[in-house]
Amino acid sequence: MLTKYKEEQARLPKGSISVKNVGDRTYYYLKYRDGKKVISQYISKSQINEIREQLEKRKHIEAMMKSLREEL
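Described in the following lines is the structure provided in the data block. (Residues numbered from 1 in each chain as written. Predicted model: local features only at pLDDT ≥ 70, side-chain atom pairs only at ≥ 80, totals over all residues. Heavy atoms only, no water.)

This paragraph deals with the packing of aromatic side chains. Describing an aromatic ring pair means giving the distance of the ring centres and the angle of the ring planes. Throughout the structure, instances matching the rule amount to two aromatic pairs. Measuring from centroid to centroid gives 6.4 Å for Tyr27 and Tyr42, while their planes differ by 55 degrees, and the two rings are tilted. One end of the pair, Tyr27, is in strand E2 (residues 25-34); the other, Tyr42, is in strand E3 (residues 37-43), and 15 residues separate them in sequence. When its relative accessible area of 25% is taken as the criterion, Tyr27 is described as partly exposed. Judged by its relative accessible area of 46%, Tyr42 falls in the partly exposed class. Look at Tyr29 and Tyr42: their rings are 5.9 Å apart centre to centre, the planes differ by 75 degrees, and that puts the pair in the edge-to-face class. A residue pair is termed long-range when its members are at least 10 positions apart, and Tyr29 in strand E2 and Tyr42 in strand E3 qualify at 13 residues. Here the aromatic residues Tyr27, Tyr29 and Tyr42 are joined through ring pairs into a cluster of three or more. (Phe/Tyr/Trp six-rings, centres within 6.5 Å; stacked < 30°, edge-to-face > 60°. Helix = DSSP H or I, 4+ residues; strand = E, 2+ residues; numbered from the N terminus. Buried < 20%, exposed > 50% of the residue type's maximum accessible area, 1.4 Å probe, protein only.)

Okay, here's the thing in structure tokens:
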């Protein structure tokens, strides 16, 4: 079960969504850490809901993995 969760976790994006307002426009970025660097990747408005769902799913999987490790 733990292996299945690790595989699913590897396919999902990591990080968080950052919102930046410039003038009257709103821009969305996926921010995550790659070693010591913080990477900001632009997200289009059409992709924002999909990315949010994937990040929520990743957090849920991480919680499930933590509980499985505690049971072992």
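Let us look at the nonpolar core. Of all hydrophobic cores here, the largest spans six residues; its members are Tyr28, Leu30, Ile43, Ile48, Ile51 and Leu55. Where this core is concerned, the elements lending two or more residues are E2 and helix H2 (48-71). With three residues, the single largest contributor to this core is H2. Other than its neighbours up to four places away in sequence, Leu30 contacts Pro13, Lys14, Gly15, Ser16, Ile39, Ser40, Gln41, Ile43, Ile51 and Leu55. (Core = buried A, V, L, I, M, F, W, Y, C linked by side-chain atoms within 4.5 Å. Contact = heavy atoms within 4.5 Å.)

In this section: the pairing of E2. Both faces of the sheet carry side chains from a regular strand, because those side chains alternate between them. Summarising the sheet, strand E1 (residues 16-22) and E2 pair through seven bridges and their orientation is antiparallel. For Val22, the partnering residue across the bridge sits in E2 and is Arg25. Taking the residues that link successive antiparallel strands as the turn, the E1-E2 hairpin has two residues, and the phi of Gly23 there is positive, at about 65 degrees. Where E2 lies against E3, seven bridges are found, and the strand directions are antiparallel. If you follow Lys31 over to E3, its bridge partner there is Ser40. Between the end of E2 and the start of E3, which pair antiparallel, lie two residues, with Gly35 showing a positive phi angle near 70 degrees. (Pairing = 2+ DSSP bridges.)

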